[in-house]
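Remarks on the overall topology
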There are 8 protein chains.
Amino acid sequence: ERVVEVGDLARLDPDRVRRKGVPEVIYAPGKSPADTARLATVMSEAAGFALVSRVDADHDEALAAAAAAAGAEYERFGSGRRLVARGASRPQPAPGGPAIGILAAGTSDVDVAEEARMVAETMGVTVTTAYDVGVSALHRLAEPLAAMLKDAVDALVVVAGMEGALPSVVGGLVSAPVIAVPTSVGYGAGGGGLAALLGMLQSCSPGITVVNIDNGIGAGASAGLIAVRAAAARARAADPRPV
Amino acid sequence: ERVVEVGDLARLDPDRVRRKGVPEVIYAPGKSPADTARLATVMSEAAGFALVSRVDADHDEALAAAAAAAGAEYERFGSGRRLVARGASRPQPAPGGPAIGILAAGTSDVDVAEEARMVAETMGVTVTTAYDVGVSALHRLAEPLAAMLKDAVDALVVVAGMEGALPSVVGGLVSAPVIAVPTSVGYGAGGGGLAALLGMLQSCSPGITVVNIDNGIGAGASAGLIAVRAAAARARAADPRPV
Amino acid sequence: ERVVEVGDLARLDPDRVRRKGVPEVIYAPGKSPADTARLATVMSEAAGFALVSRVDADHDEALAAAAAAAGAEYERFGSGRRLVARGASRPQPAPGGPAIGILAAGTSDVDVAEEARMVAETMGVTVTTAYDVGVSALHRLAEPLAAMLKDAVDALVVVAGMEGALPSVVGGLVSAPVIAVPTSVGYGAGGGGLAALLGMLQSCSPGITVVNIDNGIGAGASAGLIAVRAAAARARAADPRPV
Amino acid sequence: ERVVEVGDLARLDPDRVRRKGVPEVIYAPGKSPADTARLATVMSEAAGFALVSRVDADHDEALAAAAAAAGAEYERFGSGRRLVARGASRPQPAPGGPAIGILAAGTSDVDVAEEARMVAETMGVTVTTAYDVGVSALHRLAEPLAAMLKDAVDALVVVAGMEGALPSVVGGLVSAPVIAVPTSVGYGAGGGGLAALLGMLQSCSPGITVVNIDNGIGAGASAGLIAVRAAAARARAADPRPV
Amino acid sequence: ERVVEVGDLARLDPDRVRRKGVPEVIYAPGKSPADTARLATVMSEAAGFALVSRVDADHDEALAAAAAAAGAEYERFGSGRRLVARGASRPQPAPGGPAIGILAAGTSDVDVAEEARMVAETMGVTVTTAYDVGVSALHRLAEPLAAMLKDAVDALVVVAGMEGALPSVVGGLVSAPVIAVPTSVGYGAGGGGLAALLGMLQSCSPGITVVNIDNGIGAGASAGLIAVRAAAARARAADPRPV
Amino acid sequence: ERVVEVGDLARLDPDRVRRKGVPEVIYAPGKSPADTARLATVMSEAAGFALVSRVDADHDEALAAAAAAAGAEYERFGSGRRLVARGASRPQPAPGGPAIGILAAGTSDVDVAEEARMVAETMGVTVTTAYDVGVSALHRLAEPLAAMLKDAVDALVVVAGMEGALPSVVGGLVSAPVIAVPTSVGYGAGGGGLAALLGMLQSCSPGITVVNIDNGIGAGASAGLIAVRAAAARARAADPRPV
Amino acid sequence: ERVVEVGDLARLDPDRVRRKGVPEVIYAPGKSPADTARLATVMSEAAGFALVSRVDADHDEALAAAAAAAGAEYERFGSGRRLVARGASRPQPAPGGPAIGILAAGTSDVDVAEEARMVAETMGVTVTTAYDVGVSALHRLAEPLAAMLKDAVDALVVVAGMEGALPSVVGGLVSAPVIAVPTSVGYGAGGGGLAALLGMLQSCSPGITVVNIDNGIGAGASAGLIAVRAAAARARAADPRPV
Amino acid sequence: ERVVEVGDLARLDPDRVRRKGVPEVIYAPGKSPADTARLATVMSEAAGFALVSRVDADHDEALAAAAAAAGAEYERFGSGRRLVARGASRPQPAPGGPAIGILAAGTSDVDVAEEARMVAETMGVTVTTAYDVGVSALHRLAEPLAAMLKDAVDALVVVAGMEGALPSVVGGLVSAPVIAVPTSVGYGAGGGGLAALLGMLQSCSPGITVVNIDNGIGAGASAGLIAVRAAAARARAADPRPV
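So, here's what we can say about the structure.

Definitions and cut-offs
- Residues numbered from 1 in each chain as written.
- Chains lettered and ligands numbered in written order.
- Predicted model: local features only at pLDDT ≥ 70, side-chain atom pairs only at ≥ 80, totals over all residues.
- Heavy atoms only, no water.
- Helix = DSSP H or I, 4+ residues; strand = E, 2+ residues; numbered from the N terminus.
- Rg over C-alpha atoms; globule rule 2.2 N^0.38 Å.
- Areas by Shrake-Rupley, 256 points an atom, 1.4 Å probe, with all protein chains shown as cover.
- Lys, Arg positive; Asp, Glu negative; His and termini not counted.
- Charge placed at Lys NZ, Arg CZ, Asp CG, Glu CD.
- Contact = heavy atoms within 4.5 Å.
- Pairing = 2+ DSSP bridges.
- Axes fitted to C-alpha atoms, helices over the stretch in contact; angles between N-to-C directions.
- Least-squares fit on C-alpha atoms with pLDDT ≥ 70 in both.
- Buried area = accessible area lost by both parts, 1.4 Å probe.
- Salt bridge = Lys/Arg side-chain N within 4 Å of Asp/Glu carboxyl O.
- Polar contact = N/O pair within 3.5 Å; in protein donor to acceptor, adjacent residues only side chain to side chain.
- Parallel < 35°, antiparallel > 145°, perpendicular 65-115°, else oblique.
- Left-handed = near helix turned anticlockwise from the far one by under 90°.
- Phe/Tyr/Trp six-rings, centres within 6.5 Å; stacked < 30°, edge-to-face > 60°.
- Lys NZ or Arg CZ within 6 Å of the ring centre and 35° of its normal.
- Nonpolar A, V, L, I, M, F, W, Y, C, P; charged D, E, K, R; others polar.
- Expected span 1.5 Å × (residues − 1).
- Buried < 20%, exposed > 50% of the residue type's maximum accessible area, 1.4 Å probe, protein only.
- Right-handed = clockwise from strand over helix to strand, strands pointing away.

Examining the overall build of chain A
- Within chain A, the regular secondary structure consists of eight helices and eleven strands.
- The C-alpha radius of gyration of chain A comes to 18 Å, within 12% of the 18 Å expected for a compact globule of 243 residues.
- Projected onto its principal axes, the C-alpha positions of chain A cover 55 × 50 × 25 Å.
- Looking at chain A as shown, the accessible area adds up to about 8800 Å², and 52% of this sits on carbon and sulfur atoms.
- Across chain A, the 21 positively charged side chains and the 26 negatively charged ones have centroids separated by 8 Å.

Notes on the arrangement of the chains
- Chain B makes no contact with chain F; the smallest distance between any of their C-alpha atoms is 20 Å.
- Between chain D and chain F there is no contact; the minimum C-alpha to C-alpha separation amounts to 11 Å.

Observations concerning the sheet that holds strand 3 (residues 25-27) of chain F
Residue and element names in this part refer to chain F.
- Strands sit in the order 3-4-6-5 across an open sheet of four strands; the sheet is mixed. Where the open sheet ends on each side, the last strands, each with one partner, are strand 3 and strand 5 (73-77). Each strand of the sheet is rotated relative to its neighbour by a mean of 20°, with strand direction disregarded.
- Where helix 2 (residues 33-47) meets the sheet, it contacts strand 3, strand 4 (49-53) and strand 6 (80-84), and its direction lies at approximately 145° from that of strand 4.

Observations regarding the relation of the copies chain C and chain B
- Rotating chain C by 180° about the axis while translating it 0.0 Å along that axis superimposes it on chain B, leaving an RMSD of 0.0 Å. The symmetry that links the two subunits is that of a two-fold axis.
- A share of 100% of interface residues in chain C that are also interface residues in chain B marks the association as one of identical surfaces.

Describing the interface of chain C and chain B
- On the side of chain B, 32 residues touch chain C, which itself brings 32 residues to the contact.
- The contact between chain C and chain B buries some 2700 Å² in all, and 59% of this surface belongs to carbon and sulfur atoms.
- When the buried area of chain C at its contact with chain B is split by residue, Lys20, Leu201 and Arg229 of chain C rank highest and sum to 23% of it.
- The tally of links from chain C across to chain B stands at zero salt bridges.
- Our count for the chain C to chain B interface comes out at ten residue pairs in polar contact (both at pLDDT 80 or more).
- Looking at the side of chain C that touches chain B, the elements with two or more residues in it are helix 1 (16-20), helix 7 (194-201), strand 11 (208-210) and helix 8 (216-238) of chain C.
- Broken down by element, the side of chain C that touches chain B gets its largest block of residues, nine residues, from helix 8 of chain C.

Description of the packing of helix 7 (residues 194-201) of chain F against helix 7 (residues 194-201) of chain G
- Viewed as axis vectors pointing N to C, helix 7 of chain F and helix 7 of chain G meet at an angle of 135°, and their least axial separation amounts to 8 Å. Between helix 7 of chain F and helix 7 of chain G, the angle is such that the two are oblique. Crossing hand, helix 7 of chain F versus helix 7 of chain G: left-handed. For the pair formed by helix 7 of chain F and helix 7 of chain G, the contact residues are Leu194, Ala195, Leu198 and Gly199 of chain F on the first element and Leu194, Ala195, Leu198 and Gly199 of chain G on the second.

Focus on the packing of aromatic side chains
- According to the stated counting rule, one finds eight aromatic pairs over all chains in the structure shown.
- Positioned above the aromatic ring of Tyr187 of chain E is the side chain of Arg54 of chain B, whose terminal nitrogen or guanidinium carbon lies 4.5 Å from the ring centre.

A closer look at the interface of chain C and chain E
- Contacts between the two partners involve 24 residues from chain C, matched on the other side by 24 residues from chain E.
- Carbon and sulfur atoms make up 65% of the surface buried where chain C meets chain E, a total of about 1900 Å² over both sides.
- In this structure, the connection of chain C to chain E is made through ten residue pairs in polar contact (both at pLDDT 80 or more).
- Sorting the residues of the side of chain C that touches chain E by element identifies helix 6 (166-171) and helix 7 of chain C as the ones contributing at least two each.
- Examining the composition of the side of chain C that touches chain E, we find that five residues originate from one element, helix 7 of chain C, more than from any other.
- When the residues that make up the side of chain C that touches chain E are grouped by side-chain class, the tally is twelve nonpolar, eleven polar and one charged.

Remarks on the relation of the copies chain C and chain E
- For the pair chain C and chain E, the superposition axis carries a translation of 0.0 Å, the fit reaches an RMSD of 0.0 Å, and the rotation angle comes to 180°.
- Here 100% of the interface residues in chain C have copies in chain E that are interface residues too; the copies meet face to matching face.

Quick look at the sheet that holds strand 3 (residues 25-27) of chain C
Residues and elements named next belong to chain C.
- Across the sheet, four strands lie side by side as 3-4-6-5; this open sheet has mixed pairing. The sheet is open, and its two edges are formed by strand 3 and strand 5 (73-77), each paired on a single side. Shown here is a sheet whose adjacent strand axes are inclined to one another by a mean of 20°, direction ignored.
- Sheet topology places strand 4 (residues 49-53) next to strand 6 (residues 80-84); four bridges connect them, and they run antiparallel. For Leu51, the partnering residue across the bridge sits in strand 6 and is Arg82.
- Contacts from helix 2 (residues 33-47) reach strand 3, strand 4 and strand 6 within the one sheet, and its direction differs from that of strand 4 by about 145°.

What about helix 4 (residues 110-122) of chain B?
Residue and element names in this part refer to chain B.
- The end-to-end C-alpha separation of helix 4 is 18 Å, in line with the 18 Å expected for 13 residues at 1.5 Å each.
- Among the 13 residues in helix 4, ten count as buried, and that is most of the element.
- Of all the residues in helix 4, the buried ones are Val112, Ala113, Glu114, Glu115, Ala116, Arg117, Met118, Val119, Ala120 and Thr122.
- Residue Gly124 follows helix 4 closely and has a positive phi angle near 90°.

Quick notes on unusual backbone geometry
All names here are of chain B.
- With phi around 65°, Asp132 is a residue other than glycine that occupies positive phi space.
- With respect to the helices and strands, Asp132 occurs in the loop between strand 8 (126-131) and helix 5 (139-150).
- On the basis of relative accessible area, Asp132 is assigned to the buried category, the value being 10%.

Here's the deal with the side chain of Glu24 of chain F
Residue and element names in this part refer to chain F.
- Checked against the element boundaries, Glu24 lands in the loop between helix 1 (16-20) and strand 3.
- Buried Glu24, no salt bridge; nearest opposite-charge side chain is Arg16, N-O distance 4.8 Å.
- Separated by 2.8 Å, the side chain of Glu24 and the backbone nitrogen of Asp13 make a polar contact.

Considering the pairing of strand 5 (residues 73-77) of chain B
- Pairing of strand 5 of chain B with strand 6 (residues 80-84) of chain B, which is carried by five bridges, proceeds in the antiparallel orientation. What sits directly across from Arg76 of chain B, in strand 6 of chain B, is Arg81 of chain B.

Some points on the environment of Ala227 of chain G
Residue and element names in this part refer to chain G.
- Considering the arrangement of structural elements, one finds Ala227 in helix 8 (residues 216-238).
- For Ala227, a relative accessible area of 0% corresponds to the buried category.
- Spatially, the C-alpha atom of Ala227 lies 28 Å from that of Val3, the residues being 224 residues apart in sequence.
- Not counting residues up to four positions away in its chain, the partners in contact with Ala227 are Pro98, Ala99, Ile100, Val125 and Asp154.

A short note on the packing of helix 2 (residues 33-47) of chain H against helix 3 (residues 57-70) of chain H
All names here are of chain H.
- For the pair helix 2 and helix 3, the least separation of the axes is 8 Å and the interaxial angle reads 40°. In terms of crossing hand, the pair formed by helix 2 and helix 3 is right-handed. On helix 3, the residues touching Pro33, Thr36, Ala37, Ala40, Thr41 and Glu45 of helix 2 are Asp58, His59, Ala62, Leu63, Ala66 and Ala70.
- Among the residues making up the contact of helix 2 with helix 3, the classes are represented as seven nonpolar, three polar and two charged.

A few points about the pairing of strand 7 (residues 99-104) of chain C
All names here are of chain C.
- Within strand 7, six of the six residues are buried, which leaves the element mostly enclosed by the surrounding structure.
- The two faces of strand 7 match: Ala99, Gly101 and Leu103 on one face and Ile100, Ile102 and Ala104 on the other face are all buried.
- Bridge analysis of strand 7 against strand 8 (residues 126-131) gives six bridges, and the strand direction is parallel. From the neighbouring strand, Ile102 faces strand 8, where its bridge partner is Thr129.
- Handedness of the crossover joining strand 7 and strand 8 through helix 4 (residues 110-122): right-handed.

As for the environment of Pro182 of chain B
Residues and elements named next belong to chain B.
- Residue position: Pro182 is located in strand 10 (residues 178-182).
- Judged by its relative accessible area of 0%, Pro182 is buried.
- Linking Pro182 and Pro93, residues 89 residues apart in sequence, is a C-alpha distance of 28 Å.

What about the pattern of salt bridges?
- The tally for this structure, following the rule as stated, stands at 60 salt bridges over all chains.
- Between Asp60 of chain D and Arg76 of chain D there is a salt bridge, with the nearest N and O atoms lying 3.0 Å from each other. One end of the pair, Asp60 of chain D, is in helix 3 (residues 57-70); the other, Arg76 of chain D, is in strand 5 (residues 73-77), and 16 residues separate them in sequence.
- With a closest N to O distance of 2.6 Å, Arg81 of chain E and Asp60 of chain E form a salt bridge.

Rendered as structure tokens:
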């Protein structure tokens, strides 16, 4: 297997998406904009694409310039970024293919939700989203949730900060597996995502699992894995030739 | 003002309900059954009634026996108890009088909710309750909540353990002031009421205030005060003779 | 109902004050000054006014400029700001109308107390304030508290940082419902508002409920709701024509 | 839908497994042995079976006696118990049906792992287990893990206390979704499951989600949901007649 | 210096009060009643007296029996106990001698306050007490506090649980040094003495220092040291013969 | 009594040192350099001096300039500053006057220790210091401690960060009252002063009380109060004319 | 390698001491006395000895009876127990062999210190101990520490509860590696070993490492490993024949 | 012994490496670049070398310039720096000399691992390193670990952030003493090194001790002490002439 050494910066693993089903993601915080951009361009050339999470404005500027210089396509997903190398192809959604839904409680939770979408779409998953559907205005939740269920999503990612109650409400309404993502939205006691995390761990609704605060990447990857395996089951059963 | 000294045990304040609007409540944990029973009978004789909170089976046995011996009526409100001295009268609910609603998320939260009811009813407040209406089964919430609002309750007490999401949902639906009570129902991370408390403090819904874990007494007292004042306003306006 | 979409920034709810009794408040931290100013001007045009909380110097500059450009009146309430659109009218205090009192323990607590005042006044509530009346100089508390009680306030908001003892002392003196607001004033162990929050949750005084650290907005909204309902009771009883 | 009221004890939901895919589980701690036994027998008669979690020796004795009296089969799964009513049928594992694997790090983690197995098997899932395969003796892990992967499990539940490192190691080796369960095994700093929970939330391995401490029930339910949906996909694809 | 070895149990230091000014105290929790009683009798014989802290009912029974058997006087100070050997003399309070005041907020705080009194009196300090003078009823505080100040106490010990606000109020009224003792009275968030401890550490009032939760012994010892030194200064200055 | 209102900034209390024995101290963090300087000059003109705590480089520059402009003397005490107005007199140390010793464990603890010295000296206390005498090099402690005891200090302030062990060691060696000050020196688990604070609260040595993290001001004030009262006792006894 | 299955109870590893240098220890808490005794006798028969940690009185009784029945020698090391099978031989201390010193601060820390001794001696290490040498009486430390250093111990184990300052003091005096063991002795804030653990992690003295609270077993094992390797180096160098 | 006073900055101890076996290290955070550089050059001139830990870019620039000006060699070890004075000699690794291995789980942990190497090499220890060998890719661990064991390292330092599982895995494979270093790599719940620290304290593997978060210096020093003593044993045994 290939290991791409980038000086002392990192040892990238461009084949991880093929081998493990989940792409490697470059975590921007604590890295300089220049280093981040260098890693992303090396990765996109080796793997066809590169994912970067939690970029700030300085990272964004450096990444955009590097992508332009390299002729790569540059896409924004909340605080995530994707570089697609010139000529590289992306997985196309297909009927019966893997599918997930992503819900976000508030507008401040969208950055994290979009990182989940970025990872899942890069895994070839069709993603349906509904944002700003928090529990303090439940009437906004019903319609998009019904649409997702009708589309037979394989899993749901539910993102919420503050009191983090949305996954409990959704978990009480659906039978699909729910992956709950607490976000660091909130202040004072229970702020920084603590109340949301604890509330999700305590949830009375069945079928809910949790990832760490702001870990949209991890939630998207887990939901993607579930969906990809379900879609593979559908495909294999429909065309049961031996592999 | 009277102070009733009960040996070294306590200095009871039988006139508190008249002076402050809120009765004194005997907190049972850490007290022996015998001491608890003695305090309750002394109090009921001085004030006409006595309230006891968080009794266990041993307290209950001692209290029931003491009430029987004293000829007092003995009532159970979840983990709360009320002794009404022989011949003492209780405030009667009246049309236009103070009114609150109490909601509890799960059956384990009922003990605390009932203590809130005990205090409020002792203050002369009409109390409507709806229990087992948690967020994992929202359809059970709509009807009782609508009934309470139609009855024009002056305030709502909302009791919930685990993730404590019910006050947020209710707060998004009503304009009455909501007093949220976290309960110590739950386990593991965020257990003992911590997740519920933090979630309620973080709630996105407007008009919610919070009391400490399992403090149904305090919630009932605050809701009662709000209701009593609103009812007084109604009465005074209807009959604006000078006081 | 109207929803005002402001690009990707937010979905504003200008009718919330009419429907729910509490106006929507724009939370400034984490938003750029430009975005904050844009949201505030859109909101003030749709609803007649806009409230912004926890602004810093950069937000303030952008908001003042935007208000001037829009011809809106610009008012400061501690760290809160209100824009009143040209020609919009504000609720006027009236005899018998809703009324609350706000107490703050120290000069550092005034920013939070003023946000409570901002919300309540925008709801049409008459607000009386007394600041710098902390427990280490109790003699300063007696007179303003007596004045508030004479004015028959419907509820009290009590704001305190450090050890947060003021609500306990006030709660021992009055029978009005008390909403306690811990502030993030303090340092070392128990700093950032933790000691104040925990002390308020533990308070021995009856009739106290609590909001999260620095949540003057929430306290003002809850106190406002209590007062508005009490005033409505007074008005309805005085003029009991059917609605 | 049926709701089975059992006095004041609970409102049971015997149809939940059909409607939501996950059976309701009776949580024993805090309930008396007699109440627990009564709930379990009522439930088993209404639904054909009853699941009880975290029973102690007293619960066990009462449950066994009640099962015997009712003619129900009584099975032990670690600290979980299942009553199967006389004549009730259980789902049978089938080739191509839902399948999960459960790993436990130490012998003290088996109680929790077995509760996960109890729930999943009750949902009709084939469960393969490997216990006592913790990271301090990695050579014991390789063989059972390979066997599970060869059997194409749809998801893995990995249970660990103390430092909780097993899910990270497993997550680095497989591409199936992993649900990590921290247990309350451990002492001193990080004891009671805290170190294990935090370690699992921090895991560097992709595709891991987490449930609360000792929540084998929740992990088994989520893994079961994933597996049931994957198996349904296989079945539907193999026999694509319209539903 | 003498060291009294009591088997494997302990190495007692009977001369500590002479050498260091503070007597050694036997901490009962975790010790069997028999061991506690044995230590206390050995100590009382070697030093003339023995102090024991935080005894429960079983310790008390064993200690009382041992004292009777040894012909020692047996005294109760809240949860503390003192044995005075037959014929041993105790320091007598004298005009101008060391003097402290001890205040306790609630009746539940008296056990800890009395342990402070036990230590101080054993050091020859005159102790004035006022109990049940908490901040929710400030009018009860004024008179006893004025009496203490008139008696020119050298230091004040102020004991409080729950929100622990009493030391702040007292510290705002007096110029004597105040030693604040949080007690483990309280429940829920901030319970077990945490809110009280943090509030005391955050106190805005000058001249307050703090000891650990329930450490009445330590507070009495420190206040005693301050008083003994002040009295020594008074004595030396009044009779300035060289030592 | 005078209250000096400084715009909206503060209400200063210049007579506090006379009335309460402890001067008011301006806490710089969170205040702008300009505001801090304005408060300090107003205070120094009203009271003859002004104390400022925890100044940073910007505060220092503004304070120095303001002092120069006002003709006041400007002194540095670690992170504390004192302005002495032109012509104002300071208390002079005198034989038999109040005296304390201040010990600091490491060079990083000196800033806090010096603030304690600033307050005490402003109260007229003679202060002896010994810095960099931590427990990892005990031989450096013996000599200065012996000197302090020979000088008959009335109290000791012991300042330490990291593990905060110095007060325990000192408390085991002396019979003077010890006030322990944890500092925010330290990192990782227990950093920010937590380990030091908890260790001091747990100290096995008798006669130790504690203030909050970095609260040198409070420790200096309490030690000063003890010393001032002891010195007053000496003076009064030596010259027992009635006051 | 042998694995000894004891029913469902455990899978014992009798060869661990030979293979890894550290014997397996049976952790008694949470196990019934009967199970503990059964495990210990099976282990002692397979390995020649068995070690049990943290036994209570009930465990002790069962273990003693089982040892007697099996003809094994039964030894007590604080809260640890060792069974030596009839005829089994123990490693004998030898000149130049591995050697460690164990220090304990208070008499309450001895139980944990003795468990460290039990493990190390079972590894063939000569152990010198000095107990009750805490920092509040430093003069008792000097002599035994000097003796240990003269005996050229290979490592020191230092056990302390409360503020846990002893390892810092020792670490400042010696150049041998120090393994610090916090114990759960202590109460209130920082109780249960937290203050001691954090203080040891923060220690300013070089060459200190830490184990978890009450983990005397782990400390003894690590110190034993260091000593055994040093002794092996001595032996190999003295007799450098190839292995 | 020499103490080098550097103004008010510090009192350096250049002979510590000779006396205690461990060099003094200058801790850069909180010090200005200029002060740090001054301390380092004074130290390197007095002791022949100077070690600085946790430098940032500004410190680095000042240190490099100061080293150049002083003619000293300037070396980088992760976030550590070493100045070697012109003409000073360093210990040379030798066969049979002290030897340790250092493992780091991720690339973000290398800075801390290199500080451990810096200290150990300065003590004359031969250091073998293997970085980026975390548990999510166990196959990368086997080879370097085997090489270290073949080289007979005297101790292992294992550095890991996030879930911190590497020391447990390594501890299960080797019999050398393992010193575990948690790093502050990680985010959300358990971030900042907390999960890693707790996991290491809970480790099931024998022979592991722990230092504080990011304390590579302490780990390197302790491992170095162990190795130096073992090497001394080897040398003394091989050449047993009396010292």
